[in-house]
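Structural overview
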Amino acid sequence: MSTKALLKTSREKLNNKDFTAAKDAAERVLDFEPSNYTAHVFLALSLLELQEYDRSEQVYKAAIELDPAQLLARQGLLKFYEKRDRIDNVIESLQELSSIYAKQGDATKLADCLKRVIDLRREHGTKIQIATALMQVLPGSEFYPLLSSLPEPDSTNPTATPTFWIQSAVHDSLPVLEDVVSLLETEEQARFTKEFNARRTRLGGPKPPELKKELDREICDHSKLPTLYNEVLNHPKTSEELRRSTEAKLIQFKQKHLYSISATDVELKSKLREEWKTLIDGVVLIRRPNEEAWSLYLDWQDWEKFEDLDLATLRGYVELFPDSSLSSIVQGYLLYNGVSLSDEGTSSENLNEKGLDILLNIPLEPLDSILANRVISQVYADVEEYENAAKLAKRGLGRLSELETDLGNKLSRTRVGLQVVLSTSLVHLTPPKHHTQAMSLIKEIIAVSPDNVATLMSRGSILLASKEWSAAKESFDRVVSVDTQLFHALRAREESAWCESRLGQYESAAAHFEEVLRDLEAEERDGFDIARCLWRLGQTQWDAGDKEAAYPLFIRALKKDSSYAPAFTSLGLYYLEYASPADPVRASKCFQKAFELDPREAVAAKHLAEGFANDREWDLVEVVVRRTIEGEGTVQPSSKSGAESATGDVATANSWAWKALGVVELTHQNYPAAINAFQVALRADPNDHVLWLRLGEAYGKAGRYAAAIKALEHAHELDPTDWLAQFYIADAQQGVGLFKQAIKILESLLEQRPSELGVLSSLATAYLDVGVAEMEQGFVGRAEESFVSAISTTLKFLADHPGFRTVGWKVIADATFHISQLCLFRNEGTVLAVLAEVQALLPQENPRLKDIIPSISLESPIGGSEALLISILAAEYRISLNPTNSDTSAWYDLGMGVRAWSILSGNQGNEKVSQFIVDCITEAVKREPTNGNYWTALGTAYFVSNPRAAQHSFIKALDLESKSAATWCDLGLLYLYHEDTELAREAFQRAQVLDPDCTLAWVGQALILRIEGDEKGATALFSHATGLDHAIPEADYNLSLRVFNSINERKLRRRGAIGDLLPVFFLLNRYCARQPDDATGLHLFALVCERLGHIDFAKELVNRAMRILERIYEEKEDPVVERQFMVTNATLGRLLLATWEPEEGMIIFETVLGLLQDTDELKQVLETQAKLGIAMAQCTLRDMQEGILSLQHAQGIAPDHEALRGHCAILLAQTLWSIRDPECCEMAKEELLKLIAEDPSNLPAINVLAGLGILTKDEGIVDASVSEIVSLPPDERVVLDSDGNVDYLLIQYHLSQGNLANAIKTSQKSVHVQPSNTVKTNTLGSLLLKMKYPQGTLALLSGHEKAMETGSTTLILSAVANALIGTPESLQKALQAAQRAVMVSPGKAVCWQVLGCIRKLIST
């Protein structure tokens, strides 16, 4: 069948909907003719109906490629996309068809395609896609020429043609334009918002203003809105309202685009600026009511003076926008400058007042326009409201800088105008504070406008203030030369004459003042100006020496203006200094009037302040100096305590006022404000040594001691003869803890001024403070000397200055209180003499203390209790010295003193004493309820008797001083005492947070852990507490007792316990230094010394403890004290035996036996220990029979205490063996075997028995003694035999048998069990040397040379091993090892012997 026939068949099958057959026919055509266009179309249609979509699309596209101009395949593909609902492909196909129809000139079909595209985009597209589709029917589109050939639409029959909408859009494009503009505006705004929110959160991104400009630049560079806006504006059917709104949008767009362009892109910025300016100029020119455009136009006008403005433009703005805020400003400014808005005749003065009233009522805050800020600031400057004027001018300059940056164009004249207002305001705003800033502005202005009169006047005023008279005169003369008819010219002539007067050119100045005065009177100027000129003329005459001529001029000045303050000041000086006789009353009135009128009249203020100071009217002095400072304009220091304000670097002109203010604040104890005032005064007069002295004093009283010392040292450098500087330096040094240096300075001052009240008082206080510091550091002897010196100095102070007894007795009370804590005195005679001297000054009777404390008798020996009673009497005497009882601290000292005495004497339970303590401290609290220490003391007084009141007192103290760690600790101890551990823990934790080094807080936490049963944790906290700076004696004792008991429980021998006992030794030494009367601490200290081998020192400590216990027992006859005395005697007897004093030891033990009573619970233990001690003494004296009897007696009475009974048996066996009688030796063996049978782990018995077996060469006894412990597992064996005694005995046994191999084998097993034990390693090394195996010894000992206790032994063995090797290299190593051994243990003879032998080997 031919191709045509097949195509015909395919068409018929398609018409009959036989798509499979149609497909086959089309495929057969393509088999013969692959490029057949029609066959492709038939095949694609068949495949579409058969739902073979992918292949159908491919075939359609192949057909289009074969003939792009044919429409059949494109239409088929369009149908395919429509059926598959692929909108984007449908629109793409319609766009392609539109292009083909456009080329074919088929306007109708083109319009139909475009209409379908627009409809699809409206239904499924984005705003930008819709706008793009709509823009295809607008002028400028490629399709618009063909579409414009369509006929105009028939609005009466819109359904007559399917292209009605397209025809309407082509022949009236304005609605489409508006639609497109709206879509693009919405899309660009959405894009800006989305990008801004996304980018603003990026790290390191630009700030929001920069980001906004960046986005504006990205959007505006590619935006089509400007073109569309112009099309709307140029459209003939655009309404006036639409034209105005579109024009406003175009201006805003151009502004946004212009502002977004960087200043570096000069060409583009200039182009956009001109386009934007043209638009705005057009708006203004045709007076279109676009307020924003008008405001921009007014802002960018470059004008310096009012005359530079276009008045017609300003009037036009007022007419168009009468209700805007800027319109009110413009209207007021025109009226202020005498320009009427209407043709009605109104006087210039009335216009000026009306305009001024309008401008001064304008709110300042919302002003953002450059024009508004410029106008209002200038008006405020004219009415001398310089603060507001400066504020507005600065704001205007800031806005101007932003506008210049945005425009890329400088508005230099506008800047000069604002700078003139700002500089003028700064010159007159609290001069001379801002003169430096004003002068920099003036230089900029003169560079641009050299003849600016206001600037020249401001420059002259600054130079006047800095007393640069010649330069100031030149500036004022320049004003006159610019134009003599100006308003400022007359004032400039007056100022020039004043400069001449200050330069000493009195005649010329007077002549010029006369001329100015005539002109002022001729022009009928304000009375103030004439008064000022008259006063200056009078001052010139005064300075020239003609004071009589000056007087009437001052009077005339006041007649012209009775409120002119300088004239009153000059009259006051006249009455005070020149009038005969002087009239200080009238002068004072004149000064007061001058100061009331103008607080800047410093001369009048100074005379007033001096007068008030002479009358001791310090409140009035403060008022005067504060008003003077306010008038000067310098920032005033706050009167609130703790506040301190910065004053900048401006030097004050009235340093005397700041100096006086500093003294007043110092008197009021407002130290930060005083420091601030003295610093300001020093900027004006840095060489005033009195100011430096006062500043140092203020620093010291404020607690800033380092700064105080620096300031005072500088004061001393300025005036070395002033002793006060040294005095205050000493005071500051006391504040930082440099007590020794302070005492040295004060003692040198005392030599110069032996009766100086302040020096004596400070020296006594310094001695007291250094004593307290020394006591805290444990230097008890030094503290005693310091306290005695404090009392002696105070006694001299009282003798020379009896009127200050209250101060002196306070020091005596404190010093004697601290002395009472020493208990024992190093120099008892000196202390006794000083206390007796103090007692002689005290009254004989004390009714207040009757039945509270006993009478005192100062007789040797004395202790802390006598000193404490003197302290209590001194505190009570202080109260009686003051009839009004206003000395609050005396009540506090009395209560605390009686409380300390009640604790010392054991009278805490005495209700009368307790109530007296509470009454005293309550009285102190009533008189000074804001003192936290008093509340804390009250809580301590209530601690046991009234816990609720105690808690209330502690909490009240914390309300006053919430960061006091000590008070939190007191509260914690209260809770702990009353068994509330949770609250106690919380309180101690708060104290630790506030002060991590608070020792008491750590001790409190340790006590809580002990209560909870955590002994290990408690020991750790006690250990930490003892290492802190402020030691607590109780913590030292508690930790020492814990460590000592732990050593006893672990049964450590002396060598193993040294490391643990050495810290305990130092802790107990510190404890006993602070608590020398504590017999328990002394006894524990003696036991520690006994374990360390300090036997003699231990005996001394025990004797001290016995004396204390004897004294206490005599007073109280307490059985507990008696038992402590017996235990102490037993310890002393043991120590006497250790020092080979058996007779004395036996006597002591007999004493113990004599003191024992049947009711004593420790009777058996003490009796056994005493009998053991007696037996050891008898054996030492070779009375073996009695010794054995005593041991047997001790063994018989020993309680059920395995350790004690074991000791008795072992000592009995050793004693029997020492007799060397065979029968006794057998008895000793039997005793030991019996003990070991009862207690197989009794190591001392095993050691003794094994030793006996070795000595007797009885292998059976050795095996029997050690078999049990040798058979134990290694871990248990190490626990029982930590020192390796059994291994040592076995090694010695094998060696005694000559069996070196077994000895080495035993040693190797021992090292295997404890490889880190250097003693066992050294033992094995020595055995290897015996076996002539030095290499093995060296390998074994490697790395053990640095052991603390055995290092020298290891080095000796290493040296011998290297020497046995014998090579030159090994001999050198041997020499080095021997030398190191000597360095490690220079007291060991064997080290020197080995070194000598090795040197001999090397030399030979």
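Residues numbered from 1 in each chain as written. Predicted model: local features only at pLDDT ≥ 70, side-chain atom pairs only at ≥ 80, totals over all residues. Heavy atoms only, no water.

Observations concerning the overall build of the protein
Convention followed: Secondary structure elements are taken from DSSP: a helix is a run of H or I of four residues or more, a strand is a run of E of two residues or more, and numbering for both begins at the N terminus. Throughout, exposure labels follow a simple rule: accessible area from a 1.4 Å probe, protein chains only, divided by the maximum for the residue type, with under 20% read as buried, over 50% as exposed, and the rest as partly exposed. Contact between two residues is taken to exist if any of their heavy atoms lie within 4.5 Å; hydrogens are not considered. Where accessible areas are quoted, they stem from the Shrake-Rupley method and a 1.4 Å probe; at the residue level, only the protein chains shown are allowed to cover. The positive count covers Lys and Arg only, the negative count covers Asp and Glu only, and His and the chain ends enter neither. For charged residues, the charge sits on one atom: NZ in Lys, CZ in Arg, CG in Asp, CD in Glu.
Scanning the protein from terminus to terminus reveals 72 helices and zero strands. The buried share among the 1404 residues of the protein stands at 49%. A separation threshold of at least 6 residues defines the contact pool for the protein, and within that pool the share at least 24 residues apart is 54%. Summed over its atoms, the accessible surface of the protein is roughly 69200 Å², and 51% of this surface lies on carbon and sulfur atoms. Side chains of the protein give 144 positive and 196 negative charges; the mean places of these two sets differ by 5 Å.

Side note on the side chain of Q167
Inspection of the secondary structure puts Q167 in helix α10 (residues 164-171). Here Q167 falls in the buried class, since its relative accessible area comes to 4%. Non-local contacts of Q167, meaning those with residues more than four positions away in its chain, are made with L150, P151, E152, P153 and T161.

Points about the environment of L994
Assignment of secondary structure puts L994 in helix α50 (residues 981-994). With 663 residues separating them in the primary sequence, L994 and Q331 have C-alpha atoms 66 Å apart. Discounting chain neighbours no more than four positions away, the residues touching L994 are S962, K963, S964, A965 and W968.

Quick word on the packing of aromatic side chains
Let me state the cut-off plainly: By convention, a stacked pair of Phe, Tyr or Trp rings (six-membered ring in the case of Trp) has centres within 6.5 Å and planes under 30 degrees apart, an edge-to-face pair has planes over 60 apart, and any other such pair is tilted. Both a distance and an angle decide whether a charge sits over a ring: NZ of Lys or CZ of Arg must be within 6 Å of the ring centre and within 35 degrees of the ring normal.
Evaluated as defined, the whole model comprises 29 aromatic pairs. Three or more aromatic residues joined by ring pairs form one cluster here, namely W542, Y551, F554, Y574, Y575 and Y578. The cationic tip of K547 hangs over the ring face of W542; the distance from NZ or CZ to the ring centre is 5.0 Å. In this structure, R782 packs its charged tip against the face of F779, placed 4.2 Å from the ring centre.

Side note on helix α55 (residues 1079-1092)
As a reminder, the rule being used: A helix is expected to span 1.5 Å for every residue after the first. Each polar contact in these results corresponds to two N or O atoms within 3.5 Å; when the atoms are within protein, one needs to be able to donate a hydrogen and the other to accept it, and residues that are neighboring in sequence are counted only if both atoms are side-chain atoms.
Compared with an ideal rise of 1.5 Å per residue, which puts 14 residues at 20 Å, α55 spans 20 Å between its outermost C-alpha atoms and is within 8% of the ideal. Of all 14 residues making up α55, twelve are buried, and the element is well covered by its neighbours. When α55 is considered as a whole, its buried residues turn out to be A1079, G1081, L1082, H1083, L1084, F1085, A1086, L1087, V1088, C1089, R1091 and L1092. Looking at where α55 begins, the residue whose side-chain oxygen comes 3.1 Å from the main-chain nitrogen of T1080 is D1078. G1093 lies just past α55 and shows a positive phi near 95°.

Details of the packing of helix α15 (residues 266-285) against helix α21 (residues 386-407)
As a reminder, the rule being used: Throughout, an axis means a line fitted to C-alpha atoms (over the contacting stretch in the case of helices), and angles, computed between N-to-C directions, take values from 0 to 180 degrees. Oblique is the label for every angle not falling under 35 degrees (roughly parallel), over 145 degrees (roughly antiparallel), or within 65 to 115 degrees (roughly perpendicular). Asp, Glu, Lys and Arg are counted as charged, while Ala, Val, Leu, Ile, Met, Phe, Trp, Tyr, Cys and Pro are counted as nonpolar; the rest, among them Gly, fall into the polar class.
Where α15 contacts α21, the two axes come as close as 9 Å, and the packing angle between them is 110°. By the criterion of interaxial angle, the relationship of α15 to α21 is roughly perpendicular. In this structure, α15 uses K269, R273 and W276 to contact α21, whose residues at the interface are T405, D406 and L407. In terms of residue class, the contact of α15 with α21 is built from two nonpolar, one polar and three charged.

Structural notes on the state of the cysteines
Here is the rule: Pairs of cysteine sulfur atoms within 2.5 Å are what we label disulfides.
All chains considered together, the criterion is met by zero disulfides. C499 takes part in no disulfide bond, and the closest cysteine sulfur to it belongs to C533, at a distance of 14 Å. A disulfide-free cysteine, C1089 has its sulfur positioned 8.7 Å from the sulfur of C1072, the nearest such atom. When its relative accessible area of 0% is taken as the criterion, C1089 is described as buried.

With respect to the environment of I362
Tracing the chain through its elements places I362 in the loop between α19 (348-360) and α20 (370-382). Owing to a relative accessible area of 13%, I362 belongs among the buried residues under this scheme. Separated by 135 residues in the primary sequence, I362 and T227 have C-alpha atoms spaced 42 Å apart. With residues near it in sequence (within four places) discarded, I362 still touches S328, I329, L367 and I376.

Let's talk about unusual backbone geometry
That bond from S580 to P581 is cis: its omega, -5°, falls within 30 degrees of zero. In this structure, P581 sits in the loop between α30 (565-578) and α31 (584-597). At W1140, a residue that is not glycine, the phi angle is positive and equals roughly 60°. Structurally, W1140 can be placed in the loop between α57 (1119-1138) and α58 (1142-1155).

Here's the deal with the confidence of the model for the protein
The line we're drawing: Each residue carries a pLDDT score, the predictor's own confidence in it, on a scale running from 0 to 100.
Mean pLDDT for the protein: 82, with 92% of residues reaching 70 or above. Ranking the helices and strands of the protein by mean pLDDT puts α50 first, with 91, and helix α65 (residues 1274-1280) last, with 59.

Concerning the pattern of salt bridges
Under the convention used in this document: Salt bridges, as used here, are contacts in which a Lys or Arg side-chain nitrogen is within 4 Å of a carboxyl oxygen on Asp or Glu.
Using the criterion set out here, one finds 55 salt bridges in the structure. One salt bridge connects R86 with E57, and the closest N-O pair in it is separated by 3.2 Å. Taken together, the positions of R86 in the loop between α5 (72-84) and α6 (87-104) and E57 in helix α4 (residues 53-66) put the pair 29 residues apart, joining distant regions of the chain. On the basis of relative accessibility, which here comes to 11%, the residue E57 falls in the buried class. Here E240 ties to R244 by a salt bridge, and the two come within 3.6 Å at their closest N and O atoms. Of this pair, E240 and R244 both sit in helix α14 (residues 240-260), four residues apart, which is roughly one turn of that helix. When its relative accessible area of 41% is taken as the criterion, E240 is described as partly exposed. Look at R244 and you get partly exposed, because its relative accessible area is 39%. What you see here is one network of salt bridges that share partners, running through R491, E494, E495, D529, R532 and R536.

Considering the packing of α15 against helix α16 (residues 291-299)
Applied cut-off: Whether a crossing is left-handed or right-handed is set by the direction in which the near helix is turned from the far one by less than a right angle, anticlockwise for left-handed and clockwise for right-handed.
Contact pair α15 / α16: the axes reach a minimum separation of 9 Å and the direction vectors enclose 110°. By the criterion of interaxial angle, the relationship of α15 to α16 is roughly perpendicular. Judged by the twist between their axes, the crossing of α15 over α16 is left-handed. Note on element contacts: α16 touches α15 through A293, W294, L296 and Y297, opposite W276, I280, D281, V283 and V284.

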